[in-house]
Amino acid sequence: NSARIIPRINTPEDIVFNPHGIDIKTLNGATRLYAISHNDAKQRHTIVVYRVYADSLVYETLYENQAAMNTPNDLAVTEKGDIYVSNDAGKRGSVWEQLWKLKRSNIVFYDSELKLWKKVADGLIYANGVEVDDTCVYVATSRSNKLFSYKRQPDGNLSNRRTLVEVPGQDNIMFNGDELIFTSHPKVFKFLKHVKSSDKKSPSQVHSYNRKTGEYKMLFTDDGYRISASSTALI
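Here the residue numbering is sequential within each chain, running from 1 through the sequence in written order. Side-chain atom pairs in this predicted model are given and counted only at pLDDT of 80 or more, local residue features only at pLDDT of at least 70, and totals for whole chains, interfaces and linings cover all residues. As a rule here, side-chain values cover all heavy atoms of the structure and leave hydrogens and water aside.

Asker: Got a sec to walk through the overall build of the chain? Specific residues and values, please.
Answerer: A helix here means a DSSP run of H or I that spans at least four residues, while a strand means a run of E at least two residues long, and both kinds are numbered starting from the N terminus. Secondary structure summary: the chain contains 2 helices and 17 strands in total. Here the C-alpha radius of gyration of the chain, 17 Å, is about what a compact globule of 235 residues would show, namely 18 Å. A principal-axis box enclosing the C-alpha atoms of the chain has dimensions of 40 × 40 × 40 Å. When accessible area is computed with a 1.4 Å probe and restricted to protein chains, residues below 20% of their type maximum are described as buried, those above 50% as exposed, and intermediate ones as partly exposed. In the chain, which comprises 235 residues, the proportion classed as buried is 49%. Here, residues are in contact when the closest pair of their heavy atoms is within 4.5 Å. The long-range fraction of contacts in the chain, counting pairs at least 24 apart against all pairs at least 6 apart in sequence, stands at 43%. As a reference, a globule follows 2.2 Å times the number of residues to the power 0.38, and the radius of gyration itself is taken over C-alpha atoms.

This is how it looks when you write it as structure tokens:
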């Protein structure tokens, strides 16, 4: 029940590390941490990759494509080392898009073999959390209020979009066995006030959706005075 800082080593000086969405993956015996990082001053959004050791994170590489990742929010790494990334808006930080529920959000894919980026899903309203398993990609949307599943194709493309459950203000997704555990911000305007000031409390919810049975459950709800604006839940 303790937390400690693991130092980051060998990060290039020109990389501003402001981490957002993360994923961790073990491939060929090596564990790597993938972190979306924002340098808003230079409008530079990257994925910084560190090799994970017991006592350090050692910088390994950087992924960058401003045309593909213009407003990256979350990412998910596949069993091959390919990457799915959610862009939550057409313009970073656009409150206008959120309020008017404009369909300018998308999912992009990085092919680690071909070293190419491509858009694989669009027409979304503030895509947020992303997770991937052997057959599907799951996307939580904050403003269309829908948890989607897509069928993965061998080339990384997505098809057969299905709505799994509707819940307002969805955020990040994590796996717990067959369950998708995801958080939400049920009061959007209270959440936007919280973004401007942490003194403003925002209600929190945690939900479960079973990929095999389709069963949905709310696991936790709070008015924000115990846990405000929850982002991610782990079981």
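Alright, that's what it looks like, and here's the rest.
Asker: Run through the pairing of strand E10 (residues 127–132), naming residues and quoting values.
Answerer: Burial of E10 is extensive: 6 of the 6 residues sit out of reach of the surface. Strand direction decides the pairing type here: E10 and strand E11 (residues 136–141), joined by 4 bridges, are antiparallel. Looking at E11, one finds that Glu131 is bridged to Tyr138. Joining the antiparallel neighbours E10 and E11 is a turn of 3 residues. Two strands make a pair as long as DSSP finds a minimum of two bridges between them.

Asker: Account for helix H2 (residues 188–196), with residues named and values stated.
Answerer: Listed as buried for H2 are Val188, Leu192 and His194. Seen along its axis, H2 keeps its buried residues to an arc of 155°; they face one direction. In H2, the exposed positions angled more than 90 degrees off the buried face are occupied by Phe189, Lys193 and Lys196. By definition, the arc is the one covered by directions from the helix axis to the C-beta atoms.

Asker: Report on the packing of aromatic side chains, specifying residues and quantitative values.
Answerer: Pairs were defined over the aromatic rings of Phe, Tyr and Trp, the Trp ring being its six-membered one, requiring ring centres within 6.5 Å. Orientation was assigned from the angle between planes: stacked under 30 degrees, edge-to-face over 60, tilted for the rest. Following the criterion strictly, the structure yields 7 aromatic pairs and no others. Here Phe17 and Tyr50 contribute two aromatic rings whose centre-to-centre distance is 5.8 Å and whose plane-to-plane angle is 90°, an arrangement assigned as edge-to-face. Highlighted residues: Phe17 in the loop between strand E1 (8–9) and strand E2 (19–27) and Tyr50 in strand E4 (residues 44–52), separated in sequence by 33 residues. For Tyr50, a relative accessible area of 0% puts it in the buried group.

Asker: Break down the side chain of Asn87 for me, citing the residues and quoting the values.
Answerer: As for its position among the elements, Asn87 is in strand E7 (residues 83–87). Pairs of N or O atoms within 3.5 Å make up the polar contacts considered here, provided that, within protein, one atom can donate a hydrogen while the other can accept it, and that residues adjacent in sequence are counted only when both atoms are side-chain atoms. Engagement of the side chain of Asn87 in a polar contact is seen with the backbone nitrogen of Thr71, the distance being 3.1 Å. Ignoring anything within four residues of it in the chain, the contact list for Asn87 reads Ala68, Met69, Asn70, Thr71, Pro72, Ser105, Asn106, Val108 and Ala127.

Asker: Can you lay out the sheet that holds strand E12 (residues 146–152) for me, pointing to particular residues and giving the numbers?
Answerer: Strand pairing in a sheet is mediated by backbone hydrogen bonds. Such pairs are either parallel or antiparallel. Strand order in the open sheet formed by 4 strands is E10-E11-E12-E13, with antiparallel pairing between adjacent strands. On the outer flanks of this sheet lie E10 and strand E13 (158–166), each paired with one strand and no other. Adjacent strand axes in the sheet meet at a mean angle of 25° when their direction is disregarded. Pairing of E12 with E13, which is carried by 6 bridges, proceeds in the antiparallel orientation. Across the sheet, the residue bridging to Arg152 is Leu158, located in E13. Lines fitted to C-alpha atoms define the axes, with helix axes restricted to the stretch in contact, and inter-axis angles between N-to-C directions lie between 0 and 180 degrees.

Asker: Lay out the pattern of salt bridges in plain terms, naming residues and giving numbers.
Answerer: We count a salt bridge whenever a side-chain nitrogen from Lys or Arg sits within 4 Å of a carboxyl oxygen from Asp or Glu. Applying the stated criterion across every chain, the model contains 8 salt bridges. When the shortest N-O distance is used, the salt bridge between Glu64 and Arg44 registers 2.8 Å. Taken together, the positions of Glu64 in strand E5 (residues 57–64) and Arg44 in strand E4 put the pair 20 residues apart, joining distant regions of the chain. With its nearest N and O atoms 3.2 Å apart, the salt bridge here joins Glu79 to Arg152. With Glu79 in the loop between strand E6 (72–77) and E7 and Arg152 in strand E12, the pair connects residues that are 73 residues apart, well separated along the chain.

Asker: Report on the sheet that holds strand E14 (residues 170–176), specifying residues and quantitative values.
Answerer: Taken in spatial order, the 4 strands line up as E14-E15-E16-E17 in an open sheet, and their pairing is antiparallel. Among the strands making up the open sheet, the edge pair consists of E14 and strand E17 (216–222). Between one strand and the next, the sheet's axes are offset by a mean angle of 20°, whatever the strand orientation. One ladder, built from 5 bridges, connects E14 with strand E15 (residues 179–184); its direction is antiparallel. Counted as the bridge partner of Asn176 is Glu179 from E15.

On their own, these measurements won't tell you what the molecule is for.
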